[in-house]
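Results of the structural survey
So the chains spell out like this:
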Amino acid sequence: MRFTLALCFLLGTFFAYSTHNRGGQITYQYIGNPLDPANRYTYLFTITVYMNDGPNIADRCYDTLYFGDGKSSVVARNNGPIGGCDCGTVPCGELICPGFKVNTYTVTHTYPGPGKYLAKMADPNRNYSVLNIPNSGNQLFYIETWLDISDFFNSTYIDNSPQLKISPRDFACIGKCYVYNPGAFDPDGDSLSYELTECRGINPITGAIGVPIPGYMYPNQIGPSGTFNMDPSTGTITWCSPVLQGEYNIAFKIYEWRKLTDGEWRKIGYVLSDIQIVVGACLNNPPVIKPLSDTCVVAGGVVTKTIIATDADNNAIFLEAFGAPFSVSTSTANFSASPSTGTVIGNFSWNTICNHISVSPYQITIRATDNSSSSGDCISSNNLTSYQTFKIRVLPPPPTGLTATALGTSIQLTWVHTVCHSNPKTPVSFYKIYRKDSCASFIPSYCETDVPSSWGYVYIGRTINASANTFTDNNGGLGLTHGINYSYVVVAVHTDGATSLASTSVCQQLKNDIPIILNVDVQSTSVSTGSVYVRWMAPQSGATGLDTVLHPPPYDIKLYQKSYPLGAYIQVNTLSYPSFSAIPILMTYTASGLNTQNNQYQYRLDFYSNGTLIGNSQAATSVFLKTISNDRKLELQWNYSVPWSNYKHNIYKKDPSTSSTYTLIATVNSNYYKDSGLVNKHTYCYKVETIGQYSDLTLPRPLYNFSQEVCDKPIDKTPPCSPTVTAIGDCNNNQVALKWNNPRHYCADDVIKYYIYYKPTIDDTYTLLDSISNLNDTIFTYDNNTSIAGCFAILAVDSSYNKSVISSVNEWCIDNCPEFDLPNVVTFNGDGINDFFKAIKVKYVKDIDLKIFNRWGQLLFETTDPYFKWDGIIKMTNQRCTDGTYFYTCTVNEIRIKGIVPKKIKGFFQVFR
C-alpha cells in the first residue's frame, strides 16, 4: 500500500492540531456453509480506516462494528507490527509514510436469517481543516455497508461485497485534472455501478448518525472549481480542476447487482467508501494512457492488450493493472511493465477458462504514475497519476453438432453440450431453441450472444434442465407444416444468466409422407348451394417421403370439413387405393350445398396405411371477405388460415347495375383495401383472389384461391365537421349571442340543419335547446332573466342524419355577472327615502343567508330572500331599532357556470332619523 510523500508533507503542519480519521470503508466475505443451518449466514467483515499517526493523535486499538441486526462487536486492529504503540499486544497498524497509516479490523458475524442489513461504524472524529466539511475536526467519521441476504433464488446469501484494490494515495494539483479509480471488483462476478454521495456524520441538532453532514459541499463547489463527477459504469472519478490547496473528503457508493433467473437485475448490496483528496501546487503534468477499448472472448480463448503511457515532462512512469482477472482462483491474468522514462509499454494477457464465464464483464483498471518507483511505500511530492479502464466479456461457447430429424409433423433437434456445460462455477442451466421459416444464413456480429431479432428467428422453447440435449418441435402441439423450410439455432444459458453464442444453424423440412393441401377455392356464393374446390398433393415415397415397407397398403385419404372457427369436423369424402402407385399425384374434391355467403370453411386430410393413421395434413381455410360501409366508400377486409404464404391479393369488383362480370381493380400485399369515390346507397359486389406458395420449390406454385362474393352499399356514417362557435354574453340585457360558421362552405356539403344544445353548468348534461333548418341562419340569441350562465354547443346534421360531435370547436361556455349590493345608510322614518334596509342590486343570485346584529352581537334580523325589505323591527322585541351602527354578515349564493357558488360579505350600516 502506498501514499504520496506529497500528501504526508502537506499534512505534516496539521497533525499537531488534528484528530485522526481521513477515510475508509467496510467490506465483507461470505465464509458460511449453505448446507449448515447454524452457519449458513456467516460473514467476515473488514473495516479499513485511513488515519493520522503521531503524538497526541487518537489511536484506535479497537473499533466497533454494528451489524445491522441489533448486535455489535468491539474489534481489535489486526494489521501492522506489534509494539511501538500504546496498544499492548494489539498490532499498531501499517504506517504508509511518516504521520499517516492504515488500520484494518476483521470480525466474523452470523446473521439470524435472510434480510436487509446495514453494517456501520462511527468514530470521533475526522481530521481538521477539510475544506468542504464545516468544522471537520469536530465531525463524526461514519462509513457503512448494506447487504441483502435473500433466498429469492438458490444461494443468493453466498455473496461477497465489492473489493477495493487501489488505495486513495493520488496527489491532486491546482489547475490539473485529478483522476482516481478505486479499482473495485466483485469476487462473485456481480455487476457493479457507482454513485457519488455526501460524506456522512452526525446532525448536531437532531443527533441523527449516518446522515449527510450539514453544510457538506462537493469539492468543485469550493471556489468554485470546475466539474466533479464519477462514471457510474467504470467508477472513475474526475475533478477538472482544483483551484485551492488543501484537503477535501468525498464519498461514493459501489452497488452490486445480480441477475435473477427471470432475467431481472436485483441490487443486493453496496459499500460506502469515504476518501480524502489532498490538493497542492506543482508544475508537473500527469502521464497519458492511450485509450483502451472493451473486448470479448469465448471462454478458452486468450485476451491480450498492449498498454502505452507517455509523459509530456519525460518523467519516469510506473504502470500498474488491477481487476478481478488478477484475483480469480485459477488461470489468473498477467501484467508486466518495467518503469521507463517518457514512454512505458505494458502487456496484459489472460488465458480464459470456463470458470471465468460471467454475465457481467470484467473491468481492468490501468494506473500510470510518473516519477514513481516500483519499490518503497511512498512516492515523491511531484508525482501525478492517470487512469484508463477497459472491460472484458468472457462469453459461453455455443452448443455444437446441431442436427434436425423430421418425424411426422414434428422435427427433433439434437446437439452436443458446450465444452463449458459442467464448469463448477457457472454451469449451463438450460438451452433455448429458436426457429425461422427460412434457411437463409446469418453472420453474427462481434461479441453477439443469444439470437437477436434481426436474424428473423423466434423463440419456441427451452429444455427443462441442463442435462437435456434434445428438443422436439411440434409447433406447440399444432404440428409443423409440410413444404416449409425450417431453420434452427440453439443457445446455452448458464446459471448466472450468461447466454452463449448461437450454434450454427441447421435446416430441415418435414417429409412429404402425408397429403398437402394446395387449394381451398370458393367457386360459387350462396346461402344454400355454394361450393368450394379443394385440391391437394398426394404423399411421396422414398427418402424424403413415405416408407412404404414400414407403412404397407391399402391406403385411405379422408377429407374433413368444418365451419371455421367454431364448427366441428365432419368427414365429407374418402378415397381408397390398393397400392401406393395407384394414388394420383394431384387430387381434387368439390364440396357443394354450402352456405358460402355467411360461412368460412376449413379442410383437413387424414392419411391411413392399412387402417392405421399415419398423420393428418395442416388445415386450410377458404378466404372470407367482409365489407365495412361508409360515406362514398367501402372498406374490404379478408382473412384466412393456410399453411402456405399468400404474398399477393387481387381485388375484383362488379357493379350490378352496369355489368354482369367482375373486373380486376387493384392488387395489394395486405389483407385490406378501400374502394372510394362510390355512390351512396348504390350496390357494389367484390371478391378477392389470393396468390401464394410453399417455400418448398418442389411443390406446385403459385396457388390461386378466391373468396366468396360480397355485395354492399356505401352509406354515409361519417358525421359532418363541427361548426366553429363564438359566444358573447350580455349581462345587462340577460342575453347570450351565439355565432358560428356554415360547414357547407368549407367541409360538409350535405349539412341540412343545426341543433343547439345547452347545459346550465359545466357538470350538467346537454339538452336540446332549439334547431335551425335555414343553413344561412348562423346567429342565435339566448334570453334568460334568471341566468345566462351555461355551455352552448352547435351540432351540424347531414342528410343521413349524422350529427357532428361536441368538442372544443363547437362548444362555448359563458358565466354570469352576479351583483348583490347593500346600503350603508337607513332612516326608517317613513318619508319614502331609505325607509327599508334592502339590496340595492340583485342579479343572478339564487338566495342569501343574511344576519343583522347590534353592537353587542345580538341577532336582530335574518333572511334567505335576496329581495328582502327590513323595516327595522327587531324580531325578539317587535320594536323598531334605535339610531346607531348595525352590523351584518351575508352569504350570497351566486348562480355561476360551476353551479351555486357562495360568496361571503360583511359590513355595517348607519340608522338615523
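Bear in mind the structure is a predicted one, so any value in this text is a computation, not a measurement.

1. Some points on the overall build of the chain
Within the chain one finds 1 helix and 67 strands. Taken over C-alpha atoms, the radius of gyration comes to 44 Å for the chain, far larger than the 29 Å a tight globule of 913 residues would show. With the C-alpha coordinates aligned to their principal axes, the bounding extent of the chain is approximately 130 × 110 × 60 Å. Classification of the 913 residues of the chain by burial places 51% in the buried group.

2. Structural notes on the nonpolar core
Note that soluble globular proteins tend to have their nonpolar side chains buried in a common cluster. Ranked by internal contacts, the top residues of the largest apolar core, which has 50 residues, are Leu413, Tyr488, Ile583 and Tyr603. A per-element tally of this core places strand 38 (residues 516-524) first, with 5 residues. Residues Tyr194, Ile250, Ala251 and Phe252 belong to the second largest nonpolar core, which totals 33 residues.

3. A few points about empty space enclosed by the protein
To find leftover empty space, one rolls a probe the size of a water molecule over the atoms. The final tally for this structure, using the stated rule, is 3 cavities of 30 Å³ or more. The space that makes up the largest cavity amounts to roughly 50 Å³. In this structure, the largest cavity is lined by Phe171, Ala172, Cys173, Lys176, Cys177, Tyr178, Val179, Pro286, Leu384 and Thr385. Among the secondary structure elements, those contributing two or more residues to the lining of the largest cavity are strand 11 (172-173) and strand 12 (178-180). Counted as a void, the second largest cavity has a volume near 40 Å³. Its residues assigned to classes, the lining of the second largest cavity comprises 5 nonpolar, 4 polar and no charged.

4. Quick word on the pattern of salt bridges
Applying the stated criterion across every chain yields a total of 25 salt bridges. With a shortest N-O distance of 3.1 Å, Asp847 and Lys846 are connected by a salt bridge. What emerges from the salt-bridge pattern is a single network uniting Asp53, Asp59, Arg77 and Lys101.

5. A short note on the environment of Thr529
You can see Thr529 is positioned in the loop between strand 38 and strand 39 (530-537). Here Thr529 falls in the exposed class, since its relative accessible area comes to 56%. If we ignore the near neighbours within four places in the chain, the residues touching Thr529 are Ser524, Gly593 and Leu594.

6. What about the side chain of Glu635?
Along the chain, the position of Glu635 falls in strand 47 (residues 633-639). Salt bridges are absent for the buried Glu635, whose nearest opposite-charge side chain, Lys633, sits at 6.0 Å. Within polar-contact distance, the side chain of Glu635 engages the side chain of Tyr672 at 2.5 Å.

7. With respect to a nonpolar patch on the surface
A surface patch of nonpolar side chains, about 220 Å² in accessible area, is lined by Leu131, Val243 and Leu244. By the element assignment, Leu131 lies in the loop between strand 8 (115-123) and strand 9 (141-149).

8. What about the sheet that holds strand 31 (residues 400-407)?
Pairing within the open sheet is antiparallel, and its 3 strands lie in the order 31-32-35. The open sheet has two free edges, formed respectively by strand 31 and strand 35 (470-473), since each of these has just one partner strand. The sheet shows a mean angle of 20° between the axes of neighbouring strands, taken without regard to direction. Bridge count for strand 32 (residues 410-416) against strand 35 is 4 bridges, and the pairing is antiparallel. When the sheet's bridge partners are listed, Thr414 is paired in strand 35 with Thr470.

9. A word on the state of the cysteines
Within the structure shown, the criterion is met by 11 disulfides. Covalent S-S linkage joins Cys173 and Cys282, the inter-sulfur distance amounting to 1.6 Å. Disulfide Cys173-Cys282: torsion about the S-S bond near 125°, hence right-handed. Of the two residues, Cys173 is situated in strand 11 and Cys282 in the loop between strand 20 (265-280) and strand 21 (288-289); the sequence distance between them amounts to 109 residues. The disulfide partner of Cys296 is Cys447, and the gap between their sulfur atoms is 1.8 Å. One disulfide, between Cys296 and Cys447, carries an S-S torsion of -110° and so falls in the left-handed class.

10. Some thoughts on the sheet that holds strand 36 (residues 486-494)
Taken together, the 4 strands give an open sheet; going across it, the order is 34-33-36-37, and neighbouring strands pair in antiparallel fashion. Among the strands making up the open sheet, the edge pair consists of strand 34 (458-462) and strand 37 (506-508). Along the sheet, successive strands turn relative to each other by an average axial angle of 35°, direction set aside. Direction of pairing for strand 33 (residues 428-436) relative to strand 34: antiparallel, over a ladder of 4 bridges. Residue pairing across strands places Tyr434 opposite Tyr459, the latter belonging to strand 34.

11. Here we look at the confidence of the model for the chain
Counting all residues, the mean pLDDT for the chain is 91, and 96% of those residues have values of 70 or more. Between residues 1-18, whose pLDDT stays under 50, and residues either more than four places distant or in other chains, the model counts 62 contacts. When the criterion is pLDDT under 50, residues 372-380 qualifies, and its contacts beyond four places in sequence or with other chains add up to 26 contacts.

12. Points about the pairing of strand 41 (residues 570-577)
Note that strand 40 (residues 555-564) and strand 41 share 7 bridges and pair antiparallel. Residue pairing for strand 41: Gln561 is matched across the bridge by Ile570. As consecutive antiparallel partners, strand 40 and strand 41 are separated by 5 residues.

13. With respect to the environment of Asp59
In this fold, Asp59 is placed in the loop between strand 3 (42-52) and strand 4 (62-66). With 44 residues separating them along the chain, Asp59 and Asn103 place their C-alpha atoms 9.7 Å apart. Residues in contact with Asp59, not counting those within four places in the same chain, are Arg77, Cys85, Cys87, Lys101 and Asn103.

14. Observations concerning the environment of Ile852
Inspection of the secondary structure puts Ile852 in strand 64 (residues 845-853). When its relative accessible area of 0% is taken as the criterion, Ile852 is described as buried. Measuring from C-alpha to C-alpha, the distance between Ile852 and Gly907 comes to 9.7 Å, with 55 residues separating the pair along the chain. Beyond its immediate sequence surroundings of up to four residues, Ile852 is in contact with Phe837, Gln858, Leu859, Leu860, Phe861, Trp870, Tyr886, Phe887, Tyr888 and Phe909.

15. Concerning the packing of aromatic side chains
Summed over all chains, the structure comprises 38 aromatic pairs. A centroid spacing of 5.8 Å and a plane angle of 80° characterise the contact between Tyr28 and Tyr43, whose relative ring orientation is edge-to-face. Remark: Tyr43 occurs in strand 3 and Tyr28 occurs in strand 2 (residues 21-30); sequence separation between them is 15 residues. Of the two residues examined, Tyr28 and Tyr43, each falls in the buried class. Between the aromatic rings of Tyr888 and Phe909, the centroid separation amounts to 6.5 Å while the plane-to-plane angle is 25°, which identifies the pairing as stacked. Of the two residues, Tyr888 is situated in strand 66 (residues 884-896) and Phe909 in strand 67 (residues 899-911); the sequence distance between them amounts to 21 residues.

16. A look at unusual backbone geometry
Of note, the amide linkage connecting Pro124 to Asn125 takes the cis form, showing an omega dihedral of -5°. Along the chain, Asn125 falls in the loop between strand 8 and strand 9. Here the residue pair Tyr564 and Pro565 is connected by a cis peptide bond, since its omega of 10° sits within 30 degrees of zero. Phi angles above zero are rare outside glycine, and Arg632 is one such case at about 60°. Its location among the elements puts Arg632 in the loop between strand 46 (624-630) and strand 47. Looking at Arg632, the relative accessible area reads 43%, which means it is partly exposed. Unusually for a residue other than glycine, Phe828 sits at a positive phi of about 55°. By secondary structure assignment, the location of Phe828 is in the loop between strand 62 (825-826) and strand 63 (841-843).

17. With respect to the side chain of Asn893
The topology assignment puts Asn893 in strand 66. Ignoring any residue separated from it by four or fewer positions in sequence, one finds Asn893 in contact with Val845, Lys846, Asp847, Ile900, Val901 and Pro902.

What counts, and where the lines are drawn
- Residue positions within a chain follow its written sequence, with the count starting from 1.
- Given that this is a predicted model, residues contribute local features only at a pLDDT of at least 70 and side-chain atom pairs are listed and counted only at 80 or more, while totals for whole chains, interfaces and linings are drawn from all residues.
- To obtain the side-chain values, all non-hydrogen atoms of the structure were used and water was disregarded.
- Here a strand is any run of E in DSSP of at least two residues, a helix any run of H or I of at least four, and the numbering for each starts at the N terminus.
- The reference for a compact globule is 2.2 Å times residues^0.38; the radius of gyration itself is calculated from the C-alpha atoms.
- Buried residues are those whose accessible area, probed at 1.4 Å on protein chains only, stays under 20% of the maximum for their type, while exposed residues exceed 50% and partly exposed ones sit between those limits.
- Think of a nonpolar core as a cluster: buried Ala, Val, Leu, Ile, Met, Phe, Trp, Tyr and Cys residues, connected wherever their side-chain atoms sit within 4.5 Å.
- Think of a 1 Å grid over the protein atoms and nothing else: a 1.4 Å probe that fits but is trapped marks a cavity, an open set flanked by protein within 12 Å on at least five of seven lines marks a pocket, and residues with an atom within 4 Å of a point count as lining.
- Grid points are joined across faces, edges and corners, and a volume is the space filled by probe spheres set on the points.
- Charged means Asp, Glu, Lys or Arg here, nonpolar means Ala, Val, Leu, Ile, Met, Phe, Trp, Tyr, Cys or Pro, and polar covers whatever is left, Gly included.
- The working definition used for a salt bridge is a side-chain nitrogen of Lys or Arg within 4 Å of a carboxyl oxygen of Asp or Glu.
- It only takes one pair of heavy atoms within 4.5 Å for two residues to be counted as in contact.
- We score Asp and Glu as negative and Lys and Arg as positive, and we do not count His or the chain ends.
- In protein, a polar contact means a hydrogen-donor-capable atom and an acceptor-capable atom, both N or O and within 3.5 Å, with residues adjacent in sequence counting only if both atoms are side-chain atoms; elsewhere, any N or O pair within 3.5 Å suffices.
- Patches in this entry comprise residues that are over 30% relatively accessible and not in a salt bridge; like charges within 9 Å are linked, as are nonpolar side chains (Val, Leu, Ile, Met, Phe, Trp, Tyr) within 5 Å.
- Note on areas: Shrake-Rupley, 1.4 Å probe, and residue coverage restricted to the protein chains presented here.
- Should DSSP find at least two bridges between two strands, the strands are regarded as paired.
- Each axis is a line fitted through C-alpha atoms, and for a helix only the stretch in contact is used; angles between axes span 0 to 180 degrees, taken between their N-to-C directions.
- Any two cysteine sulfur atoms within 2.5 Å of one another count as a disulfide.
- Per-residue confidence from the predictor is reported as pLDDT, which spans 0 to 100.
- Stacked, tilted and edge-to-face are the three classes applied to pairs of Phe, Tyr and Trp rings, where Trp contributes its six-membered ring and a pair requires centres within 6.5 Å; stacked means planes under 30 degrees apart, edge-to-face means over 60, and tilted covers the rest.

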